[in-house]
Amino acid sequence: MALSEVYWDHQIQLPKLPPVQAKLAVALVALLCFLNSYDGEFVFDDSEAIVNNKDLRPATPLNNIWRNDFWGSNLSSNSSHKSYRPLTVLTFRLNYLLAGGLHPVGFHILNIILHAVISALLIDVYAILIGGLAYDEDGKLLNYAPKTSLLAAFFFASHPVHAESVAGVVGRADLLCALFFQLSFLTYCKAFRTGTKRDERFSVQWVVVSILLCAAAMLCKEQGITVLGVNAAFDILLICNVNVYELSQRLLFRKNLQDVREILQSGLLTRLALMTFGGLSMLYARWRIMGTGPPAFTDVDNPASFAENVFLRIVNYNYYYSLNAWLLLCPWWLCFDWSMGCVPLIKSATDWRMVWLLLLWCILIGLINQALCSQDSQRRRTISLGLVLLVVPFLPASNVFFRVGFVIAERVLYLSSAGYCLLLAYSLGHCCYLWSKYRRLLCVSVLVLLCVNVARCALRSHQWRSEQTLFTSALAVCPLNAKVHYNVGKNLADRGNSSAAIAYYREAVRLHPTYVHAMNNLGNILKERNELVEAEQLLSKAVSIQSDFAAAWMNLGIIQNSLWKFEHAERSYWNAIRLRKKYPDCYYNLGRLYADQNRHVDALNAWRNATVLKPDHSLAWNNMVILLDNTGNLGQAELIGREALRILPRDHTIMFSLANVLGKLEKYKESESFFLHALQINPDSASCHGNLAVLYHRWGKLELAKKHYELSLKLDPDAPGTKDNYNMLRRKLDQLKRQTP
């Protein structure tokens, strides 16, 4: 490849920085954009992927990471999303070990550092895509377009669409995938280190290493496999210097096929065969690991893919593409979730939004025309590779090969945005070249754009610091999104503001009348407010819409139990247990139902099942002790209480119940020990002071009894029975004083 074909840098007026300083500058901009998210909380999907993911805990065998999905569920489960990202989960586990627990600061800092490293490395990637492979006498890669590659890297480092991937800890998957994606590409380039001429040999070892790094990218996130497509395009367009349009013409008319033979003799077919074999092997392994087939998504997750009319399905897919393109062009309206009415479907060809589809394809066709037919070979190759880097990483999210579980997801644009930033920087440089008299104005505009991007990144990463700010920010972007209202309501309920939460849950149900999770949560709040009739109606509707919703069945049973509909409640509980075999909370509530019906043996069996499934189920243990105590089975109650304390040695409620049992068995010393231990843990328990006073009263330690009666009444003046016992004790003390000579 002649140098005259590759060095053109469009005269963008940027400072000329040495390679190391350029990378540091880009990394600094990346840090500046997202640094204010370093002390944010775990938000949104972080709850399932990190907070509730047992694979992060040291107690969980490390092998589980390789058997479970990204969320900690077994891959063979029908409910699994089949997202197999063990290397990403491994980094989460390392974060957990280094921090000594779930401290989000370490998780966020690593994300920010990864984004800075990726942004800096992109300078090398862009330099190769624009200028090809050329080395100086010392073997260092020459950058024949330092200003364009630096500007493109600045654009990438400061693009606001990256906020979800960087400020959200779950975005680690996209960051690690992008890092290994880059390393795979740069390693593939090393296979041609001696030059770029067709007759020079290439290194098979570096090609194999590149494929292994591609596998690593895929183990971080599925779209990592798309680097093979980028490598193949780079090989064809830059290494073999193929003019795709001319080659297709020659093959079509069978003219001048000598160049075709030279290309085939250059080792291209060997390299493509190696990458094809590697890619197919990865896909086969991924298919085997996935187990039961692809994940099952619903029309709520991706409504366009369930449209019966094929034309409308294709139209809506293309509308989604145009919205993704708009997020790259103008990343101002950003939202953590774009489902459930946020993007209404196009239902007819007369919908005005069809304009966006036509505009998108007009732009793409114009770019493809330049990529294929431009007389400038360097422009042709740069635009082609920019389009490849834009489109190929997006293909797994395009619904072309398989259905995906989202409408729009900003995180999937992390890699594709690298292609967009390359095309944007190259286009601006070309404008500077064509309109040289406006060069200063263009440069000022570029600087303003970068500053706006940095400010928008800082604002958006601040919104990702907490669920409250994240969910609230989405209301202005997607007011018709039921999930946004649901999440705002859930956040309010978690913070104790149930009255405000009810309004958002009701709006979520209004916007999406079959939103069973909103119905379930709303029903629970109404249950707590003793609005049982409406709560029962909501939960009955939820289980009629989704009959396999185990949690809703259990909550319906709780409400029916409160309404004294015992038969209905029992049926609801067993429906929940049938759907979820290991459901300790449901067994606990079933035990409460049986206790209300005086079915003591059934209640004990239900609570025992709860403790077998969840050994630290404190309420189930405590209820067994209390029931056995109330029914006079003091010996068995003592055994159960001691067994519970071996598992939960610091549970003051079980200590309290066991202490009562031991007091009735006249084991006063042991009973006193458990009462005092419980009070050390929970010193403000009026009932514990009161019952300890009763123990001392029976034991004959009247002064101690008086002391704890008074402490109990001070904490709770209306404690049932305590005041009567205290008055009885005072009368006895007065009587003893009168009898004393």
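As the structure is a computational prediction, the values presented were derived from the model and not from experiment.

(A) Quick look at the overall build of the chain. Along the backbone of the chain there are 33 helices and zero strands. Considered along the principal axes of its C-alpha atoms, the chain spans approximately 125 × 55 × 50 Å. Residues classed as buried in the chain amount to 52% of the 741 residues present. Counting only contacts in the chain whose residues sit at least 6 apart along the sequence, the fraction spanning at least 24 positions is 66%. Put simply, the chain shows about 35,100 Å² of open surface, and 59% of that area lies on carbon and sulfur atoms. Taking the average location of the 73 positive side-chain charges in the chain and that of its 57 negative ones, the two points are 2 Å from each other.

(B) Expanded view of helix α30 (residues 668-681). Along its 14 residues, α30 runs 20 Å from first to last C-alpha, staying within 8% of the 20 Å computed at 1.5 Å per residue. Looking only at α30, the buried set comprises Tyr668, Ser671, Glu672, Phe674, Phe675, Ala678 and Leu679. The arc that holds every buried residue of α30, seen down its axis, measures 165°, which confines them to one face. Away from the buried face of α30 by more than 90 degrees, exposed residues Lys669 and Gln680 are located. If you follow the buried residues of α30, they end up packed against α28 (634-647), α29 (652-664), α31 (686-699) and α32 (702-715).

(C) Structural context of the packing of helix α4 (residues 104-131) against helix α16 (residues 413-434). Where α4 meets α16, the closest approach of the two axes is 11 Å, and the angle between their N-to-C directions is 45°. Accordingly, the angle class assigned to the pair α4 and α16 is oblique. The element α4 and its partner α16 pack so that their crossing is right-handed. When α4 is examined against α16, the residues His115, Ile118, Leu122, Tyr126, Leu129 and Ile130 are found in contact with a partner set consisting of Tyr414, Ala418, Cys421 and Leu422. When grouped by side-chain class, the residues that make up the contact of α4 with α16 number nine nonpolar, one polar and no charged.

(D) How the structure looks around the packing of aromatic side chains. Under the definition given, this model contains 21 aromatic pairs. On the numbers, 5.3 Å between centres and 80° between planes, the contact of Phe42 with Phe107 is edge-to-face. Taken as a pair, Phe42 in the loop between α1 (19-34) and α2 (46-51) and Phe107 in helix α4 lie far apart in primary sequence, 65 residues in all. Ring centres 6.2 Å apart and planes at 45° place the aromatic pair Trp326 and Trp356 in the tilted group. One end of the pair, Trp326, is in helix α13 (residues 310-329); the other, Trp356, is in helix α14 (residues 354-373), and 30 residues separate them in sequence. The class of Trp326 is partly exposed, set by a relative accessible area of 37%.

(E) Quick look at empty space enclosed by the protein. A full pass over the atoms with the stated rule returns six cavities of 30 Å³ or more. Put simply, the largest cavity is a space of about 110 Å³. Residue classes in the lining of the largest cavity are distributed as 13 nonpolar, one polar and no charged. Volume-wise, the second largest cavity comes out at about 90 Å³. Here the residues of the lining of the second largest cavity sort into four nonpolar, two polar and five charged.

(F) Highlighting the environment of Asn691. For Asn691, the location among the structural elements is in helix α31. For Asn691, a relative accessible area of 26% translates into the label partly exposed. Those residues in contact with Asn691 that sit more than four places away from it in its chain are Phe656, Asn660 and Phe675.

(G) Expanded view of the nonpolar core. Counting residues in each nonpolar core, the largest one holds 207 residues, and the members touching the most others are Tyr126, Phe185, Phe234 and Phe336. Residues contacting Tyr126, with those up to four places away along its chain left out, are Ser149, Ala152, Ala153, Phe156, Leu389, Ala418, Cys421 and Leu422. Listed in part, the 13 residues of the second largest apolar core include Ile50, Val89, Tyr96 and Val170.

(H) Summary view of α4. For α4, with 28 residues, the first-to-last C-alpha span of 41 Å sits near the 40 Å given by 1.5 Å per residue. Its axis deflected by about 25° at Leu122, α4 carries its strongest bend there. Along α4, 20 of the 28 residues are buried, which leaves the element largely enclosed by surrounding structure. Looking one or two residues past α4, Gly132 carries a phi angle of roughly 80°, positive in sign.

How each quantity is defined
- Residues numbered from 1 in each chain as written.
- Predicted model: local features only at pLDDT ≥ 70, side-chain atom pairs only at ≥ 80, totals over all residues.
- Heavy atoms only, no water.
- Helix = DSSP H or I, 4+ residues; strand = E, 2+ residues; numbered from the N terminus.
- Buried < 20%, exposed > 50% of the residue type's maximum accessible area, 1.4 Å probe, protein only.
- Contact = heavy atoms within 4.5 Å.
- Areas by Shrake-Rupley, 256 points an atom, 1.4 Å probe, with all protein chains shown as cover.
- Lys, Arg positive; Asp, Glu negative; His and termini not counted.
- Charge placed at Lys NZ, Arg CZ, Asp CG, Glu CD.
- Expected span 1.5 Å × (residues − 1).
- Arc of directions from axis to C-beta.
- Axes fitted to C-alpha atoms, helices over the stretch in contact; angles between N-to-C directions.
- Parallel < 35°, antiparallel > 145°, perpendicular 65-115°, else oblique.
- Left-handed = near helix turned anticlockwise from the far one by under 90°.
- Nonpolar A, V, L, I, M, F, W, Y, C, P; charged D, E, K, R; others polar.
- Phe/Tyr/Trp six-rings, centres within 6.5 Å; stacked < 30°, edge-to-face > 60°.
- 1 Å grid on protein atoms, 1.4 Å probe; cavity = no way out; pocket = protein on both sides within 12 Å on 5 of 7 lines; lining within 4 Å.
- Points joined across faces, edges and corners; volume = space filled by probe spheres on them.
- Core = buried A, V, L, I, M, F, W, Y, C linked by side-chain atoms within 4.5 Å.
- Bend = angle between axes of the 7 residues up to and from the residue.

All quantities given are derived from atomic positions and should not be read as evidence of function.
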